[in-house]
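Structural overview for review
Single-letter residue listing:
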Amino acid sequence: MSTAGKVIKCKAAVAWEVKKPLSIEQVEVAPPKAHEVRIKILATGICRSDDHVISGAFAMPFPIVLGHEAAGVVESVGEGVTCVKPGDKVIPLFVPQCGKCTSCRSTKGNLCSEHDLSEARGLMLDGTSRFTCKGKSLHNFISTSTFTEYTVVHENAVVKIDAAAPLEKVCLIGCGFSTGYGAAVQTAKVEPGSTCAVFGLGGVGLSAVMGCKAAGASRIIGVDINKDKFPKAKEMGATECVNPLDFKKPINEVLFDLTDGEGVDYSFEVIGRVDTMTAALASCHSNYGTSVIVGVPPSTSTIAVDPMLLFTGRTWKGSVFGGWKSKDSVPRLVSDFLGKKFILDPLITHTLPFEKINEGFELLRAGKSIRTVLTF
């Protein structure tokens, strides 16, 4: 029996309010309107950004269906959709690609103006939601919402991938892997023989380590206060790891000592804390070092920094989704994975049924998981 054009009742994990566990509820998912796509989600990863919303650090409107790193199959399409068809394997895109805005048209940009990251409305482009639960409208999360059996996205926020792709692995290309790997190879453009430091060795940080290695860096220093993450970081390409808690001096001074007083060529902050953002900046070479902010900063935070750190020549930049133009790059990254140009298995430490989503978040908070993938 075809579900096209009908409301689908299914399970979703709803965040009703901040600092509360997600609640598995029956929700109604409306059919896609013109230029929208309804997707049956088959695998979704738990990302720290989802947890930042639950904790209140990343401000979003509630109630909300979180999740943004996923893969699935198109169930139905709205009028005018030509980029995908029912049955296609797809990845939803939290950074859309409309192809028309200045960022999409620029060779240097990737943050499409249709994104819902910075001043989030939590709604579809037409200002409405496709989710309801117990008579209440639920907000959408950064153009995606994947902690649900079905979701609706705009056609600019979904892309078809190779039918041979294992969805429970390539879902990581929807956020974590691409964000970290791209920060190194796309945003920073790490050069062969360079020295890098990666602050934060979670799923995105380890992907940045992989990117530095792929770019030919000769030294990759992992920085984390959880030493249990060091063996995995070394497996992924880190040449050494340091725990800031083992030193009395600031970590930027430690990194200068490790590099004969020069500082690193490239540093990556993959945590989302303003203190580590400034430490990462201060860790790189005073004249030609580049520091990249990859972790999502807390919504109300500001940074106070000594301008001399920048005056001497350092470059400080941000990276969203690894600098990739999403529609152009995601299918290519999936093909590269299928061609064994990089691996994803070591990043996936846990696979759980969707109903155990709160257990997955507890593993993340306890520092026991890199990526937990939920399957339906």
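The coordinates are above.
Residues numbered from 1 in each chain as written. Predicted model: local features only at pLDDT ≥ 70, side-chain atom pairs only at ≥ 80, totals over all residues. Heavy atoms only, no water.

Moving on to the packing of aromatic side chains. Per the counting criterion, the structure on display carries eight aromatic pairs. Ring centres 4.5 Å apart and planes at 25° place the aromatic pair Phe 354 and Phe 376 in the stacked group. Of this pair, Phe 354 sits in the loop between β17 (348–353) and α11 (357–365) while Phe 376 sits in the segment after β18 (371–375), and the two are 22 residues apart along the sequence. An aromatic cluster of at least three residues, connected via ring pairs, comprises Phe 177, Tyr 181, Phe 337 and Phe 342. (Phe/Tyr/Trp six-rings, centres within 6.5 Å; stacked < 30°, edge-to-face > 60°. Helix = DSSP H or I, 4+ residues; strand = E, 2+ residues; numbered from the N terminus.)

Reading around the barrel, the five strands line up as β1-β2-β7-β8-β4 and close back on themselves, with mixed pairing between neighbours. Two strands pair when backbone bridges link them, and strand β4 (residues 64–65) and strand β8 (residues 136–140) are joined in this way by two bridges, in the parallel orientation. Note that in β8 the partner of Ile 64 across the bridge is His 139. (Pairing = 2+ DSSP bridges.)

Note: most residues except glycine have negative phi, and most peptide bonds are trans. With an omega dihedral of -10°, the bond running from Phe 62 to Pro 63 counts as a cis peptide bond. Locating Pro 63 in the fold gives a position in the loop between α1 (48–55) and β4. For Ser 145, which is not glycine, the phi dihedral falls at a positive 60°. When you line up the elements, Ser 145 lands in the loop between β8 and β9 (150–154). Phi is positive for Lys 189, close to 55°, though the residue is something other than glycine. With respect to the element layout, Lys 189 can be found in the loop between α4 (176–188) and β11 (195–199).

Right, let's talk about the side chain of Asp 88 for a bit. As for its placement among the helices and strands, Asp 88 is situated in the loop between β5 (69–77) and β6 (89–92). Here Asp 88 falls in the buried class, since its relative accessible area comes to 7%. Beyond its immediate sequence surroundings of up to four residues, Asp 88 is in contact with Gly 72, Val 73, Val 74 and Lys 160. (Buried < 20%, exposed > 50% of the residue type's maximum accessible area, 1.4 Å probe, protein only. Contact = heavy atoms within 4.5 Å.)

Looking now at the sheet that holds strand β15 (residues 290–293). If you trace the six strands from one edge of the open sheet to the other, you get β13-β12-β11-β14-β15-β16, paired in parallel fashion. Either end of the sheet is taken by a strand with one partner, and the two such strands are β13 (240–242) and β16 (315–318). Adjacent strand axes in the sheet meet at a mean angle of 20° when their direction is disregarded. Note that β15 and β16 share four bridges and pair parallel. Opposite Thr 290, over in β16, you have Thr 315 as the bridge partner. Helix α7 (residues 251–258) rests against β11, β12 (219–223) and β13 of the sheet, and its axis sits at about 155° to β12. Lying over the sheet, helix α8 (residues 274–283) contacts β11, β14 (266–269), β15 and β16, oriented at roughly 175° with respect to β14. (Axes fitted to C-alpha atoms, helices over the stretch in contact; angles between N-to-C directions.)

With seven of nine residues buried, β5 lies mostly within the body of the structure. Note: strand β3 (residues 36–45) against β5, eight bridges, orientation antiparallel. Looking at the pairing, Arg 38 lines up with Ser 76 of β5. Direction of pairing for β5 relative to β6: antiparallel, over a ladder of two bridges. For Gly 72, the partnering residue across the bridge sits in β6 and is Val 90.

A separate point is the pattern of salt bridges. Counted by the stated rule, this structure contains 18 salt bridges. With a closest N to O distance of 3.2 Å, Glu 25 and Lys 134 form a salt bridge. Of this pair, Glu 25 sits in strand β2 (residues 23–29) while Lys 134 sits in the loop between β7 (131–133) and β8, and the two are 109 residues apart along the sequence. You can call Glu 25 buried: its relative accessible area is 12%. The closest approach of N and O atoms between Asp 126 and Lys 33, which form a salt bridge, is 3.2 Å. Highlighted residues: Asp 126 in the loop between α2 (102–105) and β7 and Lys 33 in the loop between β2 and β3, separated in sequence by 93 residues. Taking relative accessible area as the criterion, Lys 33 reaches 41% and is therefore assigned partly exposed. (Salt bridge = Lys/Arg side-chain N within 4 Å of Asp/Glu carboxyl O.)

Take α1 next. Counting buried positions along α1 yields six of eight residues, so the element is predominantly enclosed. All of the buried residues in α1 are Ser 49, Asp 50, Asp 51, His 52, Val 53 and Ile 54. Taken together, the buried residues of α1 touch β3 and α11.

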